[in-house]
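Geometric and topological summary
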Amino acid sequence: MKLSDLYLYPIKSCAPLALDEAHVEARGLAGDRRWMIVDGDGRFITGRQFPELTLVRARPVDGGLTLDAPGLPTLDVAIPVPSEHSVVEIWKKPVAATFASSEAGEWFSRYLGTTARLVYMDDKVQRQVDPAFAREGDIVGYADSFPIMLLGRGSLDRLNSQLDVPVSMTRFRPNFVVDVDAPHAEDAWTRIAIGEMEFDVAKDCTRCNFVNIDPATGRRSHDGQPLKTLTGYRRFDAGVTFGRHLIPRTAGVVRRGDEVRVLG
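In this report, the structure presented in the accompanying data block is examined. For clarity, every value in this text was computed on a predicted model and none was experimentally measured. (Residues numbered from 1 in each chain as written. Predicted model: local features only at pLDDT ≥ 70, side-chain atom pairs only at ≥ 80, totals over all residues. Heavy atoms only, no water.)

**Considerations on the state of the cysteines**
Within this structure, the stated rule accounts for zero disulfides. Cysteine Cys14 shares no disulfide, and the gap to the nearest cysteine sulfur, in Cys208, comes to 16 Å. No disulfide involves Cys208; its nearest neighbouring cysteine sulfur is the one of Cys205, lying 8.8 Å away. Residue classification places Cys208 among the partly exposed residues on the basis of a relative accessible area of 28%. (Disulfide = S-S within 2.5 Å. Buried < 20%, exposed > 50% of the residue type's maximum accessible area, 1.4 Å probe, protein only.)

**Notes on the environment of Glu84**
Within the fold, Glu84 resides in the loop between β9 (75–78) and β10 (86–90). Placed 15 residues apart in sequence, Glu84 and Phe99 show a C-alpha to C-alpha distance of 9.6 Å. (Helix = DSSP H or I, 4+ residues; strand = E, 2+ residues; numbered from the N terminus.)

**Here we look at the environment of Gly137**
Locating Gly137 in the fold gives a position in the loop between β12 (117–120) and β13 (148–152). When the C-alpha positions of Gly137 and Ala15 are compared, they lie 29 Å apart, and in sequence the two are 122 residues distant.

**Section: helix α3 (residues 227–234)**
Listing the buried residues of α3 in full gives Leu227, Thr229, Leu230, Tyr233 and Arg234. The buried residues of α3 occupy one face: seen down the axis, they fall within an arc of 155 degrees. Turned more than 90 degrees away from the buried face of α3 sit Lys228 and Gly232, all of them exposed. Those residues of α3 that are buried lie in contact with α2 (153–161), β19 (235–236) and β20 (239–248). (Arc of directions from axis to C-beta. Contact = heavy atoms within 4.5 Å.)

**A few points about the sheet that holds β12**
A sheet is described by the order of its strands in space; here five strands give the open sequence β6-β5-β12-β11-β10, paired in antiparallel fashion. Only two strands of the sheet have a single partner each, and these edge strands are β6 (44–45) and β10. Pairing geometry for β10 and strand β11 (residues 93–99), over five bridges, is antiparallel. Each residue of the ladder has a partner; that of Val88, found in β11, is Val95. Most of the contacts of helix α1 (residues 102–112) go to β12, to which it runs at about 130 degrees, and overall it touches β5 (35–38), β6 and β12. (Pairing = 2+ DSSP bridges. Axes fitted to C-alpha atoms, helices over the stretch in contact; angles between N-to-C directions.)

**Topic: the pairing of β13**
Counting buried residues in β13 gives five out of five residues, a clear majority hidden from the surface. Both faces of β13 are covered, namely the face carrying Ile148, Leu150 and Gly152 and the face carrying Met149 and Leu151. Both β13 and β20 contribute to a ladder of three bridges, which runs antiparallel. Across the sheet, the residue bridging to Met149 is His245, located in β20.

**Thoughts on α1**
Those residues of α1 that sit buried are Ala104, Gly105, Trp107, Phe108, Ser109, Tyr111 and Leu112. Where α1 is buried, its residues contact β5, β6, β8 (64–68), β9 and β12. A positive backbone phi angle near 75 degrees is found at Gly113, which sits one or two residues after α1.

**Here we look at the pattern of salt bridges**
Following the criterion strictly, the structure yields 17 salt bridges and no others. Put simply, Asp138 and Arg249 hold a salt bridge, and the shortest N to O gap is 2.8 Å. On the criterion of sequence distance, the pair formed by Asp138 in the loop between β12 and β13 and Arg249 in the loop between β20 and β21 (252–255) is long-range, its members being 111 residues apart. Taken together, the shared-partner salt bridges in this structure form one network comprising Arg135, Asp138, Arg191, Glu198, Asp200 and Arg249. (Salt bridge = Lys/Arg side-chain N within 4 Å of Asp/Glu carboxyl O.)

**Thoughts on the sheet that holds strand β4 (residues 28–29)**
Taken in spatial order, the three strands line up as β4-β3-β21 in an open sheet, and their pairing is antiparallel. In the strand order of this sheet, the two ends are held by β4 and β21, each with one partner.

**Some words on the packing of aromatic side chains**
The geometry of an aromatic ring pair is captured by two quantities: the separation of the ring centres and the angle between the planes. This model, assessed by the stated rule, comprises seven aromatic pairs. Each ring, one from Phe44 and one from Trp91, has its centre 5.1 Å from the other, and the planes form 65 degrees; the classification is edge-to-face. Of the two residues, Phe44 sits in strand β6 while Trp91 sits in the loop between β10 and β11, which places them 47 residues apart along the sequence. In this structure Phe44 comes out as buried when scored by relative accessible area, which is 13%. An aromatic cluster is built from Trp107, Phe108 and Tyr111, whose rings are joined through pairwise contacts. (Phe/Tyr/Trp six-rings, centres within 6.5 Å; stacked < 30°, edge-to-face > 60°.)

In structure tokens, the structure reads:
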């Protein structure tokens, strides 16, 4: 098996960047979901509420990001200096953040048509992964719950075989795509290596209606697909699952084409 695709999400819920290689850190891929959008009360904003966020492209540059979105001018945003952390909210849980410039907030507010601010997680912030599935000291950025998400290509092929209109891999926002033919082969993995890097496979990835948003158009499907079809054959006690969550156990570089080995 090989690592066929590699994706980075600089801002939570915004467009992915396809990479040839990426540095792996304790939080996941370097630069992955270290930025997030919040509302006027500091609650996180995602594509679940605002599907058009999937059309926002953030490109990492030295010292910050360059932002592009339909109908708006390009904006350069600097990494904020964390003089004092603020508290924002993800899934009703507090997490520390530093607010980016007011210009970034105005840019997102204009795009979304509601009050919005951009926040950043610096290296001092230690957001613990759910201890039911992780070790003490395992940390994550602003991803929903875990540092890395993996999906096998055979799993998508099986889903698409049951859909009238096939969907893309980017609907499911994986970091790693493994070129494996067997559908849901990844369900049985507990530990893997990609190149020289090792990862624990922590748990299944449960799915919501975010997968019904087409990342090419920023629009939600009118027929409930593909979640409707997934629900028909991938519903378990934990919910509708598709893909697996990983926790890095070593640091280094992963590359497209790296061998993927099952260790357990």
